[in-house]
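# Examination of the molecular architecture
Residue-level listing of the chains:
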Amino acid sequence: MKADTKDLATLLTMQHLDMELIRAKKKLSELPQRAAILEIRKKRQAVEDKQTKVAAMRSEAEHVVMRIKDEDERLAARQSETQDKIDESRGDYRSVEALSKDLNGIMKRRVALEADLAEAHAKLAQVNEVQAQITDALNKIVAQENTHVASFQEEGGALTSSIAAAEKKRAELAEALPPELLGTYEKTARKSGGIALARLTGGSCSVCRAAITEGKYLQVVAEAPLSTCPACKRMLVVDE
Ligand SMILES: [Zn+2]
């Protein structure tokens, strides 16, 4: 392969950059904060589901309290009407007796409602307490999540900008290479896990470590300064 000293230097720098890029991108995708954020979002979802359920329980408990109060208000009005009637019908024994019976029934029901209301209030207080606990837990989870997100943005942001800088430099290097050489490099990189370039060192390929056999060695040396590794097919810099 035709390449001058400058091209070889450019290729080696590009290879170095590409390895850095592979490392940085891998590190970015494996940042521990990423897993921590996913984990905590799952937790948050579970607590939010609970929150929804408790909100429904609370609205049901409030509804029960309202229903009891409504009924009691209606009964209080009836009680006072009945009492008025009793006061007005002095002398009419039968009517007083019937009205007194009504009044008695109303008062009994109101006593029962008072007990029901106490129970409903207790239930509501219980639900309110659970709701407060859930809100508290949720606030803590959100604070934790924010910490992880900030840390991810900080570390991830630094990685992202160093990746961008390396990519910019790489584009400049690509510009400086003869198109054919660049094409071969890119194609080989795609086929070889991102590492396109190897060096002949001590009769072996520096990347795949295969020893170049005698017959192939002559051919490789004849193609200097840039040949191909017979084993891994990477571009092979021959400078020994
Ligand atoms: Zn090789």
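Keep in mind the model is a prediction, meaning the values are calculated, not measured. In this convention, every chain numbers its residues from 1, walking through the sequence in written order. In view of the model being predicted, local features appear only for residues whose pLDDT reaches at least 70, and side-chain atom pairs are presented and counted only at 80 or more, with totals across whole chains, interfaces and linings using the full set of residues.

## Section: the overall build of the protein
- For the purposes of this entry, the term helix denotes a DSSP run of H or I that reaches at least four residues, the term strand denotes a run of E that reaches at least two, and both are numbered from the N terminus. A tally of helices and strands in the protein yields 5 helices and 4 strands.
- Just to be clear, the radius of gyration here is over C-alpha atoms, and the globule rule we use is 2.2 Å times residues to the power 0.38. Expected size for 240 residues packed as a compact globule is a radius of gyration near 18 Å; at 42 Å, the protein overshoots this value by more than 25%.
- Across its three principal axes, the protein shows a C-alpha extent of roughly 135 × 30 × 25 Å.
- Three exposure classes are used, all based on how many other C-beta atoms lie within 10 Å of a residue's own C-beta (placed from the backbone): buried at 20 or more, exposed at 12 or fewer, and partly exposed between those limits. Looking at the 240 residues of the protein, the share that counts as buried comes to 11%.

## Side note on helix 3 (residues 93-176)
- Every helix has an expected span of 1.5 Å times one less than the residues it contains. The end-to-end C-alpha separation of helix 3 is 118 Å, in line with the 124 Å expected for 84 residues at 1.5 Å each.
- Those residues of helix 3 that fall on the buried side of the exposure criterion are Leu99, Ile106, Ala120 and His148.
- A residue pair is marked as a contact if its C-beta atoms, positioned from the backbone, fall within 7 Å. Check the buried side of helix 3 and you find it contacts helix 2 (32-88).

## Overview of the packing of helix 2 against helix 3
- Contact geometry of helix 2 with helix 3 gives a least axis separation of 6 Å together with a crossing angle of 165°. Classified by the angle their axes make, helix 2 and helix 3 are roughly antiparallel. The two elements helix 2 and helix 3 cross, and the hand of that crossing is left-handed.
- Side-chain classes are defined by residue name, with Ala, Val, Leu, Ile, Met, Phe, Trp, Tyr, Cys and Pro counting as nonpolar, Asp, Glu, Lys and Arg as charged, and the others, Gly among them, as polar. Its residues assigned to classes, the contact of helix 2 with helix 3 comprises 30 nonpolar, 12 polar and 19 charged. Lines fitted to the C-alpha atoms define the axes, with helices restricted to the stretch that makes contact. Angles between their N-to-C directions range from 0 to 180 degrees. Each angle receives one of four descriptions, namely roughly parallel if under 35 degrees, roughly antiparallel if over 145, roughly perpendicular if within 65 to 115, and oblique otherwise. The hand of a helix crossing depends on one turn: near helix anticlockwise from the far one by less than a right angle means left-handed, and clockwise means right-handed.

## Points about the environment of Ala122
- Along the chain, Ala122 turns up in helix 3.
- Between the alpha carbons of Ala122 and Asp102 there is a distance of 30 Å; along the sequence they are 20 residues apart.

## Comments concerning the domain arrangement of the protein
- Domain parsing of the protein yields domain 1 (1-17 + 178-240) and domain 2 (31-177).
- One C-alpha centre belongs to domain 1, the other to domain 2, and the line joining them spans 68 Å.
- The interface of domain 1 with domain 2 comprises 8 residues on the first partner and 7 residues on the second.
- If you list the elements that add at least two residues to the side of domain 1 that touches domain 2, you get helix 1 (5-29) and helix 4 (179-191).
- No other element matches helix 1, which puts 5 residues into the side of domain 1 that touches domain 2.
- Classifying every residue of the side of domain 1 that touches domain 2 gives 5 nonpolar, 2 polar and 1 charged. An automatic or database domain assignment supplies the start and end points of every domain.

## Examining unusual backbone geometry
- Backbone torsion omega between Ala224 and Pro225 reads 10°, so that peptide bond is classified as cis.
- At Arg209, a position not held by glycine, the phi torsion is positive, near 70°.
- Along the chain, the position of Arg209 falls in the loop between strand 2 (204-205) and helix 5 (214-222).
- Residue class for Arg209 comes out exposed when judged on the 11 C-beta atoms lying within 10 Å of it.
- Despite not being glycine, Lys233 has its phi angle at roughly 65°, a positive value.
- Tracing the backbone through its elements, the reader meets Lys233 in the loop between strand 3 (226-228) and strand 4 (235-237).

## Regarding the confidence of the model for the protein
- On average, residues of the protein carry a pLDDT of 94, and 100% of them reach 70 or more.
- Predictor confidence is given residue by residue as pLDDT, running from a minimum of 0 to a maximum of 100. The least confident element of the protein, judged by mean pLDDT, is helix 5 at 90; the most confident is helix 2 at 96.

## Some points on the sheet that holds strand 2
- One open sheet accounts for 4 strands, arranged 2-1-4-3; its pairing is mixed. At either end of the open sheet lies a strand with only one pairing partner, and these are strand 2 and strand 3.
- Criterion used throughout: strands pair if DSSP finds at least two bridges between them. As defined by bridge partners, strand 1 (residues 197-201) adjoins strand 4 across 3 bridges and the pair is classed as parallel. Bridged to Ala198 within strand 4 is Leu236.

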